[in-house]
Amino acid sequence: MSTTAPFGTWPSPITPGTITTRTVLLSQVRVDGGDTYWVEQRASQAGRNVLLRRDGDGQTGEVLPLTPADELVDVRTRVHEYGGKAYAVDGGIIVVSHAGDGRLYRYDVAHRLRGLVPLTIYGDVRHGDLEIDTGRGLVYAVREDHRGEGEAVNTLVAIPLDGSAARDDSRVRTLVSGTDFVVAPTLSPDGEHLAWITWDHPGMPWDNASLHVGDLGPDGSIGEQALVDGGDGYSVSEPRWTEECELVHGSNASGFWNLYRTEGFPVRGTNRPAWSENLRTRPLHPAEATFTNPAWQLGPHSFDVLDAEHIITSWARDAVSHLGTIRLANGELEEWNVGWQPIGNVASSAGRVVMLASNEMAMPSIVEVKNGTVQVLRGSGEFEPEDIGVSFPDPVSWPTSDGASAHGFYYPPTSASHVGSEGELPPLIVNVHGGPTATAVPGYDLRIQYWTSRGFAYLDVNYRGSMGYGTGYRKALEGKWGIYDVDDCVSGAQHLVDAGLVDPRRIAIRGGSAGGFTVLSAITRSSVFTAASSCFGVTDLKRLVRTTHKFESHYIGQLMGTQDIDDPVLDERSPINHIENIGVPLLLIQGSEDPIVPAEQATAMYEALKAAGAPVALEVFQGEGHGFRLAANIRRRYEAELSFYRQVWNIGGSCPEAERRSEEDTFMVKVENLR
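Reading the values: the criteria
Residues numbered from 1 in each chain as written. Predicted model: local features only at pLDDT ≥ 70, side-chain atom pairs only at ≥ 80, totals over all residues. Heavy atoms only, no water. Pairing = 2+ DSSP bridges. Helix = DSSP H or I, 4+ residues; strand = E, 2+ residues; numbered from the N terminus. Axes fitted to C-alpha atoms, helices over the stretch in contact; angles between N-to-C directions. 1 Å grid on protein atoms, 1.4 Å probe; cavity = no way out; pocket = protein on both sides within 12 Å on 5 of 7 lines; lining within 4 Å. Points joined across faces, edges and corners; volume = space filled by probe spheres on them. Salt bridge = Lys/Arg side-chain N within 4 Å of Asp/Glu carboxyl O. Buried < 20%, exposed > 50% of the residue type's maximum accessible area, 1.4 Å probe, protein only. UniProt positions renumbered as here; feature names shortened; annotations may be inferred. Expected span 1.5 Å × (residues − 1). Parallel < 35°, antiparallel > 145°, perpendicular 65-115°, else oblique. Contact = heavy atoms within 4.5 Å. Nonpolar A, V, L, I, M, F, W, Y, C, P; charged D, E, K, R; others polar. Phe/Tyr/Trp six-rings, centres within 6.5 Å; stacked < 30°, edge-to-face > 60°. Lys NZ or Arg CZ within 6 Å of the ring centre and 35° of its normal.

Draft legend 1. Seen up close, the sheet that holds strand S28 (residues 362–370). As summarised here, the arrangement of the four strands in space is S26-S27-S28-S29, forming an open sheet in which the pairing is antiparallel. The outermost strands of the open sheet, each flanked by one partner alone, are strand S26 (341–349) and strand S29 (373–379). Each strand axis lies, on average, 25° off the axis of its neighbour in the sheet, ignoring direction. Relative to S28, strand S27 (residues 352–359) runs antiparallel, the two being bridged by six bridges. Counted as the bridge partner of Val354 is Glu368 from S28.

This is how it looks when you write it as structure tokens:
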């Protein structure tokens, strides 16, 4: 029988410790023959990224030994600051980027006693997006060189696998240069061609990126090359070679990210002259669906080659993911109903498919599909959702400004043991994802269930600017950042109020990074929210333009509709310049070492609001960057936010149920000027 208690006071077994010590963050799923590899980020180990392997016999364990300096390997790269693909494996040969010293290392699974062999020098040179060429004894990599003055230099390089470049950097051969960005080196199965993607400022990788292919010489040098697709007002992504040495890639030329096939590449032993003139590119399966993800990180892997006739792919409609095959000959799409939704990684080898996936009852897991059988190879945590009650996502759409519609997922408060008081409506938390070119996706997420299991309603908003609804929806935010995203969050909250689902007096808005900017903009422009939480959010646009890193150095201008740092619109849209309009309690959460949104953004906002007598709280976490990695800090972040909402809305002030909270919910954030 359920216990009646006010919303927001329900005891929950999902504590901040559950999210940190009992779960890991899974990423970078790849296959190598019968072996499956992936990376686990462990908050309990200071956020270290660990490479694991499950071999063909089902044995799972860490792969890499200590470095020559006796350090545990942290599989991570800082290329573009957001990192991504930090290792590659081919035939048991692994090349990995170690965050501890920034070097690349080679490791041979079959010759463990040789240990890790350093491949690159010490110094402020970063590598990622690795592709191994065992035939030539090379690894191709994106290099981001910070050794000079001014902006970092990005190139595509070939690094010897024998370790000779670890002592002599001149042994590294530069293959592609003269462009602001280059990513995705991809070797053809016959070893004759290399594909790669480039783009230049002021674009982002989803704006105007181009796909190139070049002949490879015996030493890894590039000979004849061709521009295959993209770069003419649209973009490309994820080149992948078929068994027949044809190229499949993503393109948003149609207004949606669809897959395309390019034929006409000469194979080994055939006539090669003027091959670039004979290439033919066509769409594989035209659809109003999204077959790839925004390339915020290196090495997205949304599809793979299944066999000579099919690719295995994920795709999304209205932010809901699917899995299936596309026949290369005619583009026929067949969905696989396996009970799991792919969430970013799909890989295949010898007919088996391995993917990172989730569903409404399970946290992200590594799932194998083979011969019609589905097996979970690795879960991200040991937790049984049904024991606590599951809040299922409800897809919702609502009218917003300028005759448009916005989208999101609504999660009602849910508990296996508690219900709300009669006549009471739950408080609402409106979540704003980062990016803003990103997507909120449905599925079982402890970071959402943490709130719903305590009696909070939760709206995950895919505002205009989000991926997954077509290029027009994404580009609608250009020039309108701080306006349309705010309108969509405000109208989404009002939509739930009008439906009688939530308490209009207790509506919070929360978000991180770009989402934090939307949070701060919302409370300067709307009165619908009664509390707000911004995690490393942008407060001053001019300051951000001056201090941000190369990858995003022109992104703000695109979102603001101007590349002129002196344009008045930057001052007009900066929340720091409108503190007089902020009348609701605000919690600011910040990492002290954030290279993307420096801590001075949050501290300046805090001091200004505190001096103005506005209710505000600030928590700065020492040693953290843009996204928290340390278990103790992640726990305290959730504790601070929960404490903040309970103080602001006076939740559980005299409720006996509130005394039954977990010991991990006891941290009290100090809110200045709270009346």
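Still more ground to cover, so stick around.
Draft legend 2. Geometry of empty space enclosed by the protein. On inspection of all chains with the given rule, the structure shows four cavities of 30 Å³ or more. Of the volumes computed, that of the largest cavity is approximately 100 Å³. Around the largest cavity sit 15 residues that line it, and Ser513, Val538, Leu544, Glu552 and Ile556 are the ones nearest its centre. With three residues, the top contributor of residues to the lining of the largest cavity is helix H7 (residues 555–560).

Draft legend 3. Structural context of the pattern of salt bridges. Going through the model one piece at a time under the given rule, you end up with 36 salt bridges. When the shortest N-O distance is used, the salt bridge between Arg126 and Glu81 registers 3.1 Å. Of the two residues, Arg126 sits in strand S10 (residues 125–133) while Glu81 sits in the loop between strand S5 (60–62) and strand S6 (87–90), which places them 45 residues apart along the sequence. A salt bridge links Glu619 to Arg636, with the nearest nitrogen and oxygen atoms 3.3 Å apart. A residue pair is termed long-range when its members are at least 10 positions apart, and Glu619 in strand S38 (residues 616–621) and Arg636 in helix H10 (residues 631–648) qualify at 17 residues. The class for Glu619 is buried, based on a relative accessible area of 11%.

Draft legend 4. Spotlight on the UniProt feature "domain: Peptidase S9 prolyl oligopeptidase catalytic" (unreviewed entry) in the protein. Here, UniProt's "domain: Peptidase S9 prolyl oligopeptidase catalytic" (unreviewed entry) annotation points to residues 444–649. This span, residues 444–649, is 43% helix and 14% strand, and a straight line between its end C-alpha atoms measures 27 Å.

Draft legend 5. Summary view of helix H4 (residues 484–498). Along its 15 residues, H4 runs 20 Å from first to last C-alpha, staying within 8% of the 21 Å computed at 1.5 Å per residue. Most of H4 sits out of view: 12 of its 15 residues are buried. Listing the buried residues of H4 in full gives Tyr484, Asp485, Val486, Asp487, Asp488, Cys489, Val490, Ser491, Gly492, Ala493, Leu496 and Val497. A positive backbone phi angle near 75° is found at Gly500, which sits one or two residues after H4.

Draft legend 6. Structural detail: the sheet that holds strand S19 (residues 247–251). Taken together, four strands build an open sheet; the order of strands is S18-S19-S20-S21 and the sheet is antiparallel. Two strands lie at the open edges of the sheet, namely strand S18 (236–241) and strand S21 (280–283), each paired on one side alone. Ignoring strand direction, the axes of neighbouring strands in this sheet form an average angle of 25°. The sheet contact formed by S19 and strand S20 (residues 258–263) spans five bridges and is antiparallel. Its bridge partner lying in S20, Val248 is registered against Arg261.

Draft legend 7. Seen up close, the packing of H4 against helix H5 (residues 514–525). One can describe the packing of H4 onto H5 by two numbers: an axis separation of 9 Å at closest approach and a directional angle of 70°. Comparing their axes, H5 and H4 come out roughly perpendicular. Mapping the contact onto sequence places Asp485, Val486, Asp487 and Cys489 in H4 and Thr518, Ser521, Ala522 and Arg525 in H5. In terms of residue class, the contact of H4 with H5 is built from three nonpolar, two polar and three charged.

Draft legend 8. Up close: the environment of Ala165. The topology assignment puts Ala165 in the loop between strand S12 (153–160) and strand S13 (173–176). For the pair Ala165 and Ile121, spaced 44 residues apart in sequence, the C-alpha separation works out to 6.9 Å. Once residues within four sequence positions are removed from consideration, Ala165 is found in contact with Leu119, Thr120, Ile121, Ile159, Pro160, Arg171 and Val172.

Draft legend 9. Examining the packing of aromatic side chains more closely. One pass over the full model with this rule turns up 25 aromatic pairs. Arranged with centres 4.9 Å apart and planes meeting at 15°, the rings of Phe181 and Trp199 form a pair that is stacked. You can see Phe181 sitting in strand S14 (residues 181–187) and its partner Trp199 sitting in strand S15 (residues 193–199), a full 18 residues away along the chain. Across this residue pair, the class does not change: Phe181 and Trp199 are buried. For Phe181, a relative accessible area of 0% puts it in the buried group. The aromatic ring of Tyr484 is capped on one face by Arg464, whose charged end is 3.9 Å from the ring centroid. The lysine or arginine in question, Lys550, covers the ring of Phe181, its NZ or CZ lying 5.0 Å from the ring centre.

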